[in-house]
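Overview (structure and organization)
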Amino acid sequence: MRLASPHINIIMKACNKASRSLIRDFGEIEKLQVSSKGPGDFVSSSDKRTEKTIINELQKAHPEYGIITEESGVINKSNIKNRWIIDPIDGTNNFLNGIPHFAISIGYEENNEIKCGVIFDPIKNEMFCAEKGNGAFLNNSRIRVSKKKKLQDSLLVTGGPKHSSKIKEDIFTEFVKISKVPFSSVRKFGSAALDIAYVACGRFDGYWQRELNYWDIAAGIIILKEAGGFVDFFEEDNNAPLKRNILASNSSIHEELSKLIIKKNIE
Ligand code: 2AM
Ligand code: CA
């Protein structure tokens, strides 16, 4: 791999370390699924342990950096210049159900701009990573977005709505509208981070989702951009900078897909 900045190395090391217990825990899930208690609490403790390992590794290198995480919230709040953005398990519901499709996602942000990021699927041993100006990689190979030119024929992915969503009906309406594009297909795989990574390496042509959290997609933003893709945020609520509605694509189908996104403010 030709990425060698100190930050990307720190992130990759943290991912590798945290993934060891994550893989072990995933192996336990099957047994827990048949128990009367179910795997819920176990998953939540696995999530926390993974996050703790990652934070420890990152803090060893830069104790002064800010950290935004799913489980622990914000650490070193006053440092907004250098920040790590962490999602210890993206695709928690898959993990909980014993479905091998989830990832660790870590981005590094400098002055509000994502500089590098890693999305690591420990089960398939696929590490997607990128740093600004140096391209995007899947393990040791350079990745590029697909060459598909038209929305027709494209393979798309989306997610949501979440249970608590107040805009479920609008999200379903949008889903139906986009699903009706001739000869295209829409998938729901349950991990926002992997959805974007898969657009970056050309497996999907486009991805959209509403009501995400910043940590779901921070690393994905730089990976997709460095792979030649395009990321857009629509109907951003300026009072909630960590909330995101995202449209990510191979660039070529972006405009066509964007026209199908419901533009009225439904938040
Ligand atoms: P998670 O697995 O870390 O919860 C599923 O469509 C994708 O959306 C996952 O990446 C999931 O992240 C993310 N997501 C964010 N907030 C969510 C929520 N409240 N409920 C379900 N999925 C959510
Ligand atoms: Ca997530």
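Remember, it's a predicted structure, so these values are computed and weren't measured experimentally. (Residues numbered from 1 in each chain as written. Chains lettered and ligands numbered in written order. Predicted model: local features only at pLDDT ≥ 70, side-chain atom pairs only at ≥ 80, totals over all residues. Heavy atoms only, no water.)

**Quick word on the site of ligand 1**
Lining the immediate surroundings of ligand 1 are 16 residues, of which Asp 90, Gly 91, Thr 92, Lys 162 and Ala 192 lie closest. Contacts to ligand 1 include Ala 192, whose backbone N or O atom sits 2.7 Å from an oxygen atom. Compared with its free state, where it exposes 470 Å², ligand 1 has 74% of that area covered by protein. The residue makeup of the shell around ligand 1, split by class, is three nonpolar, eight polar and five charged. Structurally, the shell around ligand 1 is a two-domain feature, drawing no fewer than three residues from each of domain 1 (6-142) and domain 2 (151-258). (Near = heavy atom within 4 Å. Polar contact = N/O pair within 3.5 Å; in protein donor to acceptor, adjacent residues only side chain to side chain. Areas by Shrake-Rupley, 256 points an atom, 1.4 Å probe, with all protein chains shown as cover. Nonpolar A, V, L, I, M, F, W, Y, C, P; charged D, E, K, R; others polar. Domains from an automatic or database assignment.)

**Comments concerning the packing of aromatic side chains**
Inspection of the entire model under this criterion finds nine aromatic pairs. With a centroid separation of 5.0 Å and an interplanar angle of 55°, the aromatic rings of Phe 26 and Phe 102 are classed as tilted. Of this pair, Phe 26 sits in helix α1 (residues 6-33) while Phe 102 sits in the loop between α3 (92-96) and β4 (103-110), placing them 76 residues apart in sequence. For the ring pair Trp 84 and Tyr 108, a centre distance of 5.1 Å and an interplane angle of 50° mean the geometry is tilted. You can see Trp 84 sitting in strand β3 (residues 82-90) and its partner Tyr 108 sitting in strand β4, a full 24 residues away along the chain. Comparing Trp 84 with Tyr 108 shows no difference in burial state: the two are buried. A cation over a ring is seen here: Lys 188 above Phe 175, with NZ or CZ 5.3 Å from the ring centre. Sitting above the plane of the Tyr 198 ring, Arg 203 keeps its charged end 4.6 Å from the centroid. (Phe/Tyr/Trp six-rings, centres within 6.5 Å; stacked < 30°, edge-to-face > 60°. Helix = DSSP H or I, 4+ residues; strand = E, 2+ residues; numbered from the N terminus. Buried < 20%, exposed > 50% of the residue type's maximum accessible area, 1.4 Å probe, protein only. Lys NZ or Arg CZ within 6 Å of the ring centre and 35° of its normal.)

**Let's talk about the domain arrangement of the protein chain**
As far as domains go, the protein chain holds domain 1 (6-142) and domain 2 (151-258). Relative to domain 2, the C-alpha centre of domain 1 lies at a distance of 20 Å. Every contact between the two is made by 36 residues of domain 1 and, on the other side, 21 residues of domain 2. Seen at the junction of domain 1 and domain 2, the total is one salt bridge. Across the contact surface, domain 1 and domain 2 share nine residue pairs in polar contact (both at pLDDT 80 or more). Only β1 (66-69), β3, β4, β5 (113-121), β6 (126-131) and β7 (136-138) provide two or more residues apiece to the side of domain 1 that touches domain 2. Residue composition of the side of domain 1 that touches domain 2, grouped by class: 15 nonpolar, 10 polar and 11 charged. (Contact = heavy atoms within 4.5 Å. Salt bridge = Lys/Arg side-chain N within 4 Å of Asp/Glu carboxyl O.)

**A few points about the coordination of the calcium ion (ligand 2)**
Those donors, Asp 87 (OD), Asp 90 (OD) and Asp 216 (OD), are the protein atoms that reach the calcium ion (ligand 2), and they lie 2.0 to 2.3 Å from it. Ordering the donors of the calcium ion (ligand 2) by residue number gives the pattern D-x2-D-x125-D. Taken together, the residues span a long stretch of sequence, with Asp 90 in strand β3 and Asp 216 in helix α6 (residues 214-226) at a distance of 126 residues. The exposure class of Asp 90 is buried, given its relative accessible area of 5%. (Donors = N, O, S within 2.8 Å, 3.2 Å for Na, K, Ca; no water.)

**Description of the sheet that holds β7**
The mixed open sheet is built from eight strands, whose spatial order is β2-β1-β3-β4-β5-β6-β7-β8. At either margin of the open sheet sits one strand with a lone partner, and together these are β2 (73-75) and β8 (141-142). Relative to β2, β1 runs antiparallel, the two being bridged by three bridges. Looking across to β2, one finds that Ile 68 is bridged to Val 74. Across the sheet, helix α2 (residues 40-61) lies against β1, β2, β3 and β4, angled at about 155° from β3, the strand it touches most. Running over the sheet, α6 touches β1, β3, β4, β5, β6, β7 and β8 and is turned about 100° from β5. (Pairing = 2+ DSSP bridges. Axes fitted to C-alpha atoms, helices over the stretch in contact; angles between N-to-C directions.)

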